[in-house]
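So you can see what is in the structure, the chains are spelled out below.
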Amino acid sequence: MEIFLATLPQLIVLGISLGAIYALIALGFVVIYSVSNVINLAQGEFLMLGALIFVAVVDLVAQPIGAGLAVFLGLLVSFIATGAIGGLAYTLAFRPAIDRRASVQTLIIISMGVSIVLRAFGNLMWGVDPTSTPAFLPGRTLKNMGLENVTGDSLRLGGVIVQTQSFWIVIALILTVLGLYFFFNRTMTGRALRACAMNPDSARLMGVPLSRMSLIAFMLSAGIAALAGAIIAPMQPVLYTMGLGLGLRGFVSAIMGGIANPVGAIWGGLLLGIVEAVIGGLPQMDVPLLGKVNPASLREAIAFVILLAVLVIRRLRGASGLGGKRFGL
Amino acid sequence: MRFRSFIPVLVVGFVLALVPSLSESKQLLGTFIFAGVYAIAVIGLALFSGYAGQPSMGQAGFCAIGAYASAIVATKFNLSPWVGLLAAGAMSGLVGWLIGSLILRLSGHYLAIGTLGFGIIVAALLKQWEWTGLSSGMRNVPRFEFFGDALKSEAGYYYLVLVILLLVIVLALNLVRSRPGRALRALHESEIGAEMLGVDTATAKLRVFVLSAVLGGIAGSLYAHYVGSITPDTFEFTISVEMLVMAVIGGVSSVWGAALGTAFIWGLSQAIKALPDVLNSIVKIPSITQFELMIFGTILILVMIFMPEGLLPTFTRRKRSG
């Protein structure tokens, strides 16, 4: 137990970087849901495609233009290409159903269909072997810059070891949030999107084209998910199956925050990340009935138990999410 | 139950009973047995999802509980598999009742994610349970015994599944037309409206949730005793999704729709499996299973766009208007 307490700060740091990824995915859920009332379970597949496209671009151009520029180009291409795929998914699969006044349940099933197709596409395009990509800021570069406490691609800060990629994850989350804030509050399109989220009927009466706004929401969300995928690509095997688990966690985070609430989604993501990391660090224990249990392998289950508890307690207290209910960053 | 609504059950039962005499292919019968087992779980799911009006994304969790309960009774306690089948129904019903009293307080998307969470928790816990073989699961689950070795043959097992499936259909049709069934339908239209008319909506929902859990458990047990080995991965999240797809494609608010949806999806995946042999001779396909999945996903999307109520309601309405 002492070992566990000693590693706690380390686990929390790890949790924040995991949680920032979940938060990014959750934001995608919130944007789509707020504007078009679709729970898009294919969000994880957008992340997967984003990661695979990013790796492909970096592999292709790292030699001729250098690693730094390759990362930048990879992020850009991944954002745009996946955004386009998101737009395509909306136009081909969701829009025809929405135009026919499909129910929430029907739309969820359609999003499952979309994720089946996208996953198969990812497999056909990139095969079954996991690929990987170097960290954005390799430990080597830091060492060359004269930093002492570098091991591999990690930095030692105080007693805590932080992967350099974790910084990029947190930076990506902050930039995305700032970008979304600017977009939703300062641009005409962003305001129109918010109008659709608040009251679709009045928005339409004011001349806001609802289906074009939904299209933008899908493209934007797919793009954000792609960024999340590109940013974690150096930290885990990149493969067509990677979207399922991450998408599910993003979904859980969004629900914890109250599906239409972006601020709640960010808190939900961070909370889930920290809880998962901390549980993963617990020592092996004896549980009656189950026998010896390694909490790390029960992470997922425990996260869901917590989720259920949050949902039920909140329901009993009559609240809707971790934060308020209104949409807007 | 009126005799008229009994006729389709008899007809379907009669036609399906002919299958073993048409072909003795073990593979074909196996396919039909799996479809029947699925159908039982899917009808259970449809009873709940069709009435609560919300997708249940954790039906495979109940199948897992049934399968494991059955396997434990038969292999660890050396009791008759029939006791296992009863234990499967009882255990999944009990868990359904416990879980239901908790998560049925939720509604809308929250209920859907609650059921999803349940399925994932069950699979994760089973992977950690040393007594039941962790991730490698349980093996050597015996077949049912009935007049000696009657159920040890494929055909014998086929008839067992068929009889249970028909009983389940009759039970479900009866429920739909009974007083509690009407209460549930009222609940589906408007929960507040139903409450105003004196329906105890919370109890009604819990009862149908437990029933759907029991059917899932029975399906799990039938699966375990047929295949003989089970692992936690047999009942993973994607199976729950597949079951929901079957229920929704057939028409989630009808018993026959659920059965039809199961048959449709099952037939479709068999047909797509056969397709690449034909296609492969024309164009070279790199990965056959992924190609299957792509077609599967596309058909799913198309059906949901053009027949959102599912196949059965769409066709029956056309017949009536035409």
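Please read these numbers as outputs of a predicted model, since none were measured by experiment. (Residues numbered from 1 in each chain as written. Chains lettered and ligands numbered in written order. Predicted model: local features only at pLDDT ≥ 70, side-chain atom pairs only at ≥ 80, totals over all residues. Heavy atoms only, no water.)

Regarding the overall build of chain B
- The helix and strand inventory of chain B stands at 14 helices and zero strands.
- Helices (α) and strands (β) of chain B occur, in sequence order from the N terminus, as α-α-α-α-α-α-α-α-α-α-α-α-α-α.
- For chain B, the residues scored as buried account for 54% of the 322 residues in total.
- Long-range pairs, those at least 24 residues apart, make up 76% of the contacts in chain B between residues at least 6 apart in sequence.
- About 14400 Å² of surface is accessible on chain B, with carbon and sulfur atoms providing 67% of the total. (Helix = DSSP H or I, 4+ residues; strand = E, 2+ residues; numbered from the N terminus. Buried < 20%, exposed > 50% of the residue type's maximum accessible area, 1.4 Å probe, protein only. Contact = heavy atoms within 4.5 Å. Areas by Shrake-Rupley, 256 points an atom, 1.4 Å probe, with all protein chains shown as cover.)

Concerning the overall build of chain A
- A tally of regular secondary structure across chain A gives 12 helices and five strands.
- For 329 residues, the compact-globule estimate of 2.2 N^0.38 gives 20 Å, and chain A sits close to it at 20 Å.
- Overall size of chain A, expressed as C-alpha extent along the three principal axes, is 60 × 60 × 40 Å.
- By residue count, 52% of the 329 residues in chain A fall in the buried class.
- Look at the contacts in chain A between residues 6 or more apart in sequence, and 73% of them connect residues 24 or more apart.
- When the accessible surface of chain A is split by element, carbon and sulfur atoms take 67% of a total near 14400 Å².
- For chain A, the distance from the average position of its 20 positive side-chain charges to the average position of its 11 negative side-chain charges is 15 Å. (Rg over C-alpha atoms; globule rule 2.2 N^0.38 Å. Lys, Arg positive; Asp, Glu negative; His and termini not counted. Charge placed at Lys NZ, Arg CZ, Asp CG, Glu CD.)

Quick word on the packing of helix 10 (residues 242-256) of chain A against helix 6 (residues 109-128) of chain B
- Across the interface, helix 10 of chain A lies against helix 6 of chain B with an axial gap of 11 Å and an inter-helix angle of 135 degrees. Comparing their axes, helix 6 of chain B and helix 10 of chain A come out oblique. Once helix 10 of chain A is placed against helix 6 of chain B, the crossing between them reads as left-handed. For the pair formed by helix 10 of chain A and helix 6 of chain B, the contact residues are Leu248, Phe251, Val252 and Ile255 of chain A on the first element and His109, Tyr110, Ile113, Leu116 and Ile120 of chain B on the second. (Axes fitted to C-alpha atoms, helices over the stretch in contact; angles between N-to-C directions. Parallel < 35°, antiparallel > 145°, perpendicular 65-115°, else oblique. Left-handed = near helix turned anticlockwise from the far one by under 90°.)

Concerning the nonpolar core
- Grouped together as the largest cluster of nonpolar side chains are 198 residues, with contacts concentrated most on Phe54, Phe94, Ile110 and Val114 of chain A together with Leu222 of chain B.
- Not counting chain neighbours up to four residues away, the residues in contact with Phe54 of chain A comprise Val71, Gly74, Leu75, Ser78, Thr133, Phe136, Ala230 and Ala233 of chain A. (Core = buried A, V, L, I, M, F, W, Y, C linked by side-chain atoms within 4.5 Å.)

Re the interface of chain B and chain A
- The interface is formed by 42 residues belonging to chain B together with 51 residues belonging to chain A.
- Approximately 4000 Å² of surface area, both sides summed, lies buried where chain B meets chain A, with 79% of it carried by carbon and sulfur atoms.
- Inspection of the chain B/chain A interface yields zero salt bridges.
- Here chain B is connected to chain A by zero residue pairs in polar contact (both at pLDDT 80 or more).
- Those elements that place two or more of their residues in the side of chain B that touches chain A are helix 5 (81-103), helix 6, helix 11 (237-250) and helix 13 (288-306) of chain B.
- Here the side of chain B that touches chain A is composed, by residue class, of 29 nonpolar, 11 polar and two charged. (Buried area = accessible area lost by both parts, 1.4 Å probe. Salt bridge = Lys/Arg side-chain N within 4 Å of Asp/Glu carboxyl O. Polar contact = N/O pair within 3.5 Å; in protein donor to acceptor, adjacent residues only side chain to side chain. Nonpolar A, V, L, I, M, F, W, Y, C, P; charged D, E, K, R; others polar.)

Some details on the sheet that holds strand 1 (residues 150-151) of chain A
Residue and element names in this part refer to chain A.
- Read from one edge of the open sheet, three strands run 1-2-3, paired in antiparallel fashion. Two strands close off the open sheet at either side, each with one partner strand: strand 1 and strand 3 (160-163).
- Bridge count between strand 2 (residues 154-157) and strand 3: four bridges; the pairing is antiparallel. Looking at the pairing, Ser154 lines up with Gln163 of strand 3.
- Lying over the sheet, helix 6 (residues 164-186) contacts strand 2 and strand 3, oriented at roughly 65 degrees with respect to strand 3. (Pairing = 2+ DSSP bridges.)

Quick notes on the pattern of salt bridges
- On inspection of all chains with the given rule, the structure shows four salt bridges over all chains.
- Where Arg119 of chain A meets Glu45 of chain A, a salt bridge forms, and the shortest distance between an N and an O atom there is 3.5 Å. With Arg119 of chain A in helix 4 (residues 104-126) and Glu45 of chain A in helix 2 (residues 43-65), the pair connects residues that are 74 residues apart, well separated along the chain.
- On the accessibility criterion, Glu45 of chain A (1% relative accessible area) is buried.
- For Asp233 of chain B, the salt bridge is made with Lys127 of chain B, and the minimal N-O distance between the two is 3.2 Å. Taken together, the residues span a long stretch of sequence, with Asp233 of chain B in the loop between helix 10 (201-227) and helix 11 and Lys127 of chain B in helix 6 at a distance of 106 residues.
- In this structure Asp233 of chain B comes out as partly exposed when scored by relative accessible area, which is 42%.

A short note on a positive patch on the surface
Residue and element names in this part refer to chain B.
- A surface patch of positive charge is lined by Arg177, Arg179, Arg182 and Arg185.
- Ranked by residue count, the leading element in the positive patch is helix 8 (residues 179-189), at three residues.
- Within the element layout of this structure, Arg185 appears in helix 8.
- Overall, Arg185 belongs to the partly exposed group, its relative accessible area being 39%. (Patch = residues over 30% accessible without salt bridge, like charges linked within 9 Å, V, L, I, M, F, W, Y side chains within 5 Å.)

As for helix 6 of chain A
- When the terminal C-alpha atoms of helix 6 of chain A are compared, their 33 Å separation across 23 residues agrees well with the 33 Å that a helix rising 1.5 Å per residue should span.
- Considered for burial, the residues of helix 6 of chain A that qualify are Thr164, Gln165, Ser166, Ile169, Ala172, Leu173, Thr176, Leu180, Phe183, Phe184 and Asn185 of chain A. (Expected span 1.5 Å × (residues − 1).)

Describing the confidence of the model for chain A
- Per-residue confidence for chain A gives a mean pLDDT of 85; residues scoring 70 or more make up 95%.
- Within the model, the stretch residues 321-329 of chain A combines pLDDT values under 50 with 35 contacts to residues more than four positions away or in other chains. (pLDDT = per-residue confidence, 0-100.)

Structural notes on empty space enclosed by the protein
Residue and element names in this part refer to chain A.
- Under the defined criterion, the tally for this structure stands at three cavities of 30 Å³ or more.
- Lining the largest cavity are Arg249, Val252, Leu272, Glu276, Glu300, Ala303 and Phe304.
- Put simply, the parts of the chain that give the lining of the largest cavity at least two residues each are helix 10, helix 11 (262-280) and helix 12 (299-317).
- Top contributing element to the lining of the largest cavity by residue count: helix 12, with three residues. (1 Å grid on protein atoms, 1.4 Å probe; cavity = no way out; pocket = protein on both sides within 12 Å on 5 of 7 lines; lining within 4 Å. Points joined across faces, edges and corners; volume = space filled by probe spheres on them.)

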